[in-house]
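Structural overview for review
Next come the chains, spelled out residue by residue.
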Amino acid sequence: MSNTNDNGCLPVIAFILYAVVIIGSGVLSWNLTTPESFIGAIGFMILWGILSYIGHFILIGIIALLSEK
């Protein structure tokens, strides 16, 4: 019985990049909006969600390409 791990450390790298996308999109959206009011904070959270979604979409595509090897 052979128990081989064909994926290597790809799930660990994917988890780390997932966190980097969340933090990076938060920093980017904060720098773009610099909220000073309640409405600004709402705009910040909306922009953070949009940038995070786009970043995760790109990350999923990259991981899918790497996992096909």
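As a starting point, this report considers the structure included with it. (Residues numbered from 1 in each chain as written. Predicted model: local features only at pLDDT ≥ 70, side-chain atom pairs only at ≥ 80, totals over all residues. Heavy atoms only, no water.)

**Points about the packing of aromatic side chains**
Tallying each qualifying case throughout the model produces two aromatic pairs. Ring geometry for W30 and F44: centres 5.2 Å apart, planes at 85°, overall edge-to-face. Placement of W30 in helix α1 (residues 10-33) and of F44 in helix α2 (residues 38-67) is noted, with a sequence separation of 14 residues between them. On the accessibility criterion, F44 (12% relative accessible area) is buried. Here the aromatic rings of F44 and W48 are separated by 5.3 Å at their centres, their planes lie at 35°, and the arrangement is tilted. Within this pair, F44 and its partner W48 are both found in helix α2, separated by four residues, close to a single helical turn. One aromatic cluster is present, formed by W30, F44 and W48 through successive ring pairs. (Phe/Tyr/Trp six-rings, centres within 6.5 Å; stacked < 30°, edge-to-face > 60°. Helix = DSSP H or I, 4+ residues; strand = E, 2+ residues; numbered from the N terminus. Buried < 20%, exposed > 50% of the residue type's maximum accessible area, 1.4 Å probe, protein only.)

**A closer look at α1**
For α1, spanning 24 residues, the distance from its first C-alpha to its last is 34 Å, which sits close to the expected 34 Å at 1.5 Å a residue. Among the residues of α1, L10, A14, V21, S25, G26 and S29 are the ones counted as buried. Packed against the buried residues of α1 are α2. Phi turns positive, to about 40°, at T34, one or two residues after α1. (Expected span 1.5 Å × (residues − 1). Contact = heavy atoms within 4.5 Å.)

**With respect to the environment of I63**
Among the secondary structure elements, I63 is positioned in helix α2. Separated by 52 residues in the primary sequence, I63 and P11 have C-alpha atoms spaced 9.1 Å apart. Excluding its chain neighbours within four sequence positions, the residues that come into contact with I63 are L10 and A14.

**Looking at a nonpolar patch on the surface**
Together, F38, I39, I42, M45, I46, I50, Y53, I54, F57, I58, I62 and L66 give the surface a local cluster of nonpolar side chains, amounting to about 1,300 Å² of exposed area. Among the structural elements, M45 can be located in helix α2. (Patch = residues over 30% accessible without salt bridge, like charges linked within 9 Å, V, L, I, M, F, W, Y side chains within 5 Å. Areas by Shrake-Rupley, 256 points an atom, 1.4 Å probe, with all protein chains shown as cover. Salt bridge = Lys/Arg side-chain N within 4 Å of Asp/Glu carboxyl O.)

**So, the packing of α1 against α2**
Between α1 and α2, the shortest axis-to-axis distance is 8 Å and the interhelical angle comes to 150°. As far as their axial angle goes, α2 and α1 are roughly antiparallel. You can see that α1 and α2 cross each other, and the crossing is right-handed. By residue class, the composition of the contact of α1 with α2 is 16 nonpolar, eight polar and no charged. (Axes fitted to C-alpha atoms, helices over the stretch in contact; angles between N-to-C directions. Parallel < 35°, antiparallel > 145°, perpendicular 65-115°, else oblique. Left-handed = near helix turned anticlockwise from the far one by under 90°. Nonpolar A, V, L, I, M, F, W, Y, C, P; charged D, E, K, R; others polar.)

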